[in-house]
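Now for the letters of each chain:
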Amino acid sequence: MNIGEIARLAGVSRSTVSYALSGRRTVSDETRKRIEQVIAQAGYRPNAAARALKEGRTRTLGLVIPPASQRLTDMQLGFVASVVEAAARADLDVLLSPSGGDHDRSFERVITGQRVDGVILMEIRLDDARVTRLQQAGLPFVTIGRTALPENMSWIDVDYAGLIGRCVHHLADLGHRHVALINRSAELVAAGYGPSHRALTGFTDAATQRDLKGITVCCADDAAAGQACMEQLLTEHPQITAIATVNEAALPGVQRALDDAGLAVPRDFSITGVVAQHWAEDFRPPLTAADVPAHDIGARAVELLQQRIAEPDSAPRHLLMAPPIALRASTGPAAARIAGH
């Protein structure tokens, strides 16, 4: 049975059946019930759209991503892939929508168009107007990341402050006294991007606690910027013996700059940070790092959103993930560089 046959038996137009199944436009309760009765009497095995009709839902989740004009990082792509996979396992569709820049209308259509049952919002700022808009609309939502005041929203996030702090303590335990943080871009920091600000806080607090000389720099998300940033650090702060980073895309450039300077890792220079696992494992030598579990984060976000949709009045849930730091081969005693140079 197709939409045309359902429409004929129910005495309505094909578009009315389509609207009833998708939920994209309002259909009267009487018409909706008549269409549902036709489906039931025909012994038609319900597909996702028919189940949506019966449940009064679209069985579609919205995933709001950064603007399409911006190249997504591997970690962001990991979040997207894991959300789509987890939704598919739950027999749900995912509607991708960019936000920010010139994409506010797309975001507004997701909120007001009855196209989704709930929204997962990525790349959260400390003060995020999108969160406020979703709260005003009353649409169930979950964020990957959190605002400065996240108590009244459901979210899942990585403990960037705590993890970068642990990276700094690890370097201090190895005898490093001059360390640097390679953060994300200056534009993201200026926009209040949560991970960048929390990484900066964790780095500064830990450096103060251990009485280290800490330098912080911003770096765009690409290898060329990473190389330029590392070259600048080595030129302007030659006493630095280690870095921590949350900028995985800059790592290939960081590695090139160290190679060009004749500095071996970890004999002459140590590197650690919070990055996706494959970046850590592809670094040479493999990177001592807290591996961000992008796949788990996306799957848990879908679970949280399903709960918000089923129980909209339930208390918000908060999941702060702090994966262990995997000790690989990119960190070593600071004394090795001093002795070799």
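Procedures and definitions
Residues numbered from 1 in each chain as written. Predicted model: local features only at pLDDT ≥ 70, side-chain atom pairs only at ≥ 80, totals over all residues. Heavy atoms only, no water. Phe/Tyr/Trp six-rings, centres within 6.5 Å; stacked < 30°, edge-to-face > 60°. Lys NZ or Arg CZ within 6 Å of the ring centre and 35° of its normal. Salt bridge = Lys/Arg side-chain N within 4 Å of Asp/Glu carboxyl O. Helix = DSSP H or I, 4+ residues; strand = E, 2+ residues; numbered from the N terminus. Buried < 20%, exposed > 50% of the residue type's maximum accessible area, 1.4 Å probe, protein only. Core = buried A, V, L, I, M, F, W, Y, C linked by side-chain atoms within 4.5 Å. Contact = heavy atoms within 4.5 Å. Lys, Arg positive; Asp, Glu negative; His and termini not counted. Polar contact = N/O pair within 3.5 Å; in protein donor to acceptor, adjacent residues only side chain to side chain. Pairing = 2+ DSSP bridges. Axes fitted to C-alpha atoms, helices over the stretch in contact; angles between N-to-C directions. Arc of directions from axis to C-beta.

An unreviewed UniProt entry lists the chain under the name LacI family transcriptional regulator, with Catellatospora chokoriensis as the source organism.

Draft legend 1. Structural context of the packing of aromatic side chains. With the rule as written, the count across this model stands at zero aromatic pairs. Cation over ring: Arg146 sits above Trp155, and NZ or CZ is 5.1 Å from the ring centre.

Draft legend 2. The pattern of salt bridges, seen in detail. With the rule as written, the count across this model stands at nine salt bridges. One salt bridge in this structure joins Arg210 and Asp173, with 2.8 Å as the shortest N-O distance. A residue pair is termed long-range when its members are at least 10 positions apart, and Arg210 in the loop between α10 (194–209) and β7 (213–217) and Asp173 in helix α8 (residues 160–173) qualify at 37 residues. Classification of Asp173 by relative accessible area gives exposed; the value is 58%.

Draft legend 3. Molecular detail of the environment of Ile6. Mapped onto the elements of the fold, Ile6 is located in helix α1 (residues 3–10). Taking the C-alpha atoms as reference points, Ile6 and Arg32, 26 residues apart in sequence, are found 12 Å from one another.

Draft legend 4. Region of the structure containing the nonpolar core. The biggest cluster of nonpolar side chains holds 47 residues, and the ones touching the most others in it are Ile120, Ile144, Ile156, Ile164, Val274 and Ile297. For this core, the element with the highest residue contribution is helix α14 (residues 294–310), accounting for eight residues. Non-local contacts of Ile164, meaning those with residues more than four positions away in its chain, are made with Leu181, Ala199, Gly202, Phe203, Ala244, Thr245, Val246 and Val274. Counting residues in hydrophobic clusters, the runner-up holds 28 residues, among them Ile182, Ile215, Leu233 and Leu258.

Draft legend 5. Just the side chain of Glu123, in detail. Mapping Glu123 onto the fold places it in the loop between β3 (118–121) and α7 (129–137). It turns out Glu123 is buried and unbridged, and the closest side chain with the opposite charge, Arg184, is 4.7 Å from it. In terms of polar contacts, Glu123 uses its side chain to reach the side chain of Tyr193, at 3.0 Å. Among residues more than four places away in sequence, those in contact with Glu123 are Pro66, Gln76, Asp128, Arg130, Ile144 and Tyr193.

Draft legend 6. Quick peek at the sheet that holds strand β2 (residues 93–98). In space, the six strands of this open sheet follow the order β2-β1-β3-β4-β5-β11, with parallel pairing throughout. A single partner strand is all that each edge strand has here, and the edge strands are β2 and β11 (318–321). Averaged over all pairs of adjacent strands, the angle between strand axes in this sheet comes to 15 degrees, irrespective of strand direction. Relative to strand β4 (residues 141–144), β3 runs parallel, the two being bridged by three bridges. Opposite Val119, over in β4, you have Phe141 as the bridge partner. Contacts from α14 reach β1 (60–65), β3, β4, β5 (154–158) and β11, with the element oriented near 160 degrees to β4.

Draft legend 7. The arrangement of α1 in detail. Restricting attention to buried positions, one finds in α1 the residues Ile6, Ala7 and Ala10. Down the axis of α1, the buried side of the element spans an arc of 100 degrees, and every buried residue falls inside it. Remark: Gly11 follows α1 within two positions and exhibits a positive phi of approximately 70 degrees.

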